[in-house]
Amino acid sequence: MPQINLISFGQFEVDFVHKIAESVSHDYNYKVAIREGHLDLADFFDPTRRQYNANELLKMVDTLFGDSGVKSFGLFNVDLFIPILTYIFGQAFLGGRTGIASTFRLSNDRYGLANKKETLLERTIKEVNHELGHTFGLVHCHVPGCVMTSSTYVEDIDQKKSTLCSNCRAQF
Ligand SMILES: [Zn+2]
Ligand SMILES: [Zn+2]
């Protein structure tokens, strides 16, 4: 079975990361191995935007963990941006071997709502599956509910399922 390496860069609970790995493994039928990553995130901080440069982080994860024949996925808990957007939930190399995502804007308490562990977990799984889909060469999909539909707000993420539609799946 092919493999995805899920690299935890935040102070995530072991159980949280395990549940993500389990779900992703099931959705893609890949073995998912959990790794612990350590990076000085200060190197990626943009003091003007007070956010972290996702393109540079993605490149660094690829440099440190990228491996041919394997997908490497970095999970963070800091606010990510790319120059053309206010913020992003995640980023990946299209058809590449590496992706990243952050839980920073996925938790309800970011929006003044009561935090629900289950909601954060579901959103994170969807975001990881979405970015992984890009590494498998999938572009944004317009089929309602498909995990490859694009999401600007967490509400968009809540609208979709964690899995690929049959069109996207057929492209594997
Ligand atoms: Zn996308
Ligand atoms: Zn789709």
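Above this note sits the structure.
Caption draft 1: Structural view of the overall build of the protein. When you go through the protein residue by residue, the secondary structure sums to 5 helices and 8 strands. The helix and strand sequence of the protein, counted from the amino end, reads β-α-β-β-β-α-β-β-β-β-α-α-α. Residues classed as buried in the protein amount to 36% of the 172 residues present. If you take every contact in the protein between residues at least 6 apart in sequence, the share linking residues at least 24 apart comes to 64%.

Caption draft 2: Inspection of the sheet that holds strand S5 (residues 70-76) at higher detail. Taken together, the 5 strands give an open sheet; going across it, the order is S2-S1-S5-S8-S7, and neighbouring strands pair in mixed fashion. The outermost strands of the open sheet, each flanked by one partner alone, are strand S2 (31-36) and strand S7 (90-92). Direction aside, neighbouring strands of the sheet carry axes that sit 15° apart on average. Summarising the sheet, S5 and strand S8 (residues 98-102) pair through 5 bridges and their orientation is parallel. Paired with Gly-74 across the strands is Ile-100, a residue of S8. On top of the sheet, helix H2 (residues 54-65) reaches strand S1 (3-8), S5, S7 and S8; it is set at about 130° to S8, its chief contact. In this fold helix H3 (residues 117-135) packs onto S1, S5, S7 and S8, with an angle of close to 160° to the strand it touches most, S8.

Caption draft 3: A look at the packing of helix H1 (residues 14-28) against H3. At their nearest, the axes of H1 and H3 sit 10 Å apart, and the two run at 45° to each other. Here H1 is positioned oblique relative to H3, judged by the angle of their axes. The handedness of the crossing between H1 and H3 comes out as right-handed. Only Leu-121, Thr-124, Ile-125, Val-128, Asn-129 and Leu-132 of H3 make contact with H1, whose side of the interface consists of Phe-16, Lys-19, Ile-20, Ser-23, Val-24, Asp-27 and Tyr-28. Counted by class, the contact of H1 with H3 contains 8 nonpolar, 3 polar and 2 charged residues.

Here is what the cut-offs are and how they apply
- Residues numbered from 1 in each chain as written.
- Chains lettered and ligands numbered in written order.
- Predicted model: local features only at pLDDT ≥ 70, side-chain atom pairs only at ≥ 80, totals over all residues.
- Helix = DSSP H or I, 4+ residues; strand = E, 2+ residues; numbered from the N terminus.
- Buried ≥ 20, exposed ≤ 12 C-beta atoms within 10 Å, placed from the backbone.
- Contact = placed C-beta atoms within 7 Å.
- Pairing = 2+ DSSP bridges.
- Axes fitted to C-alpha atoms, helices over the stretch in contact; angles between N-to-C directions.
- Parallel < 35°, antiparallel > 145°, perpendicular 65-115°, else oblique.
- Left-handed = near helix turned anticlockwise from the far one by under 90°.
- Nonpolar A, V, L, I, M, F, W, Y, C, P; charged D, E, K, R; others polar.

Function-wise, these values are silent; they only describe arrangement.
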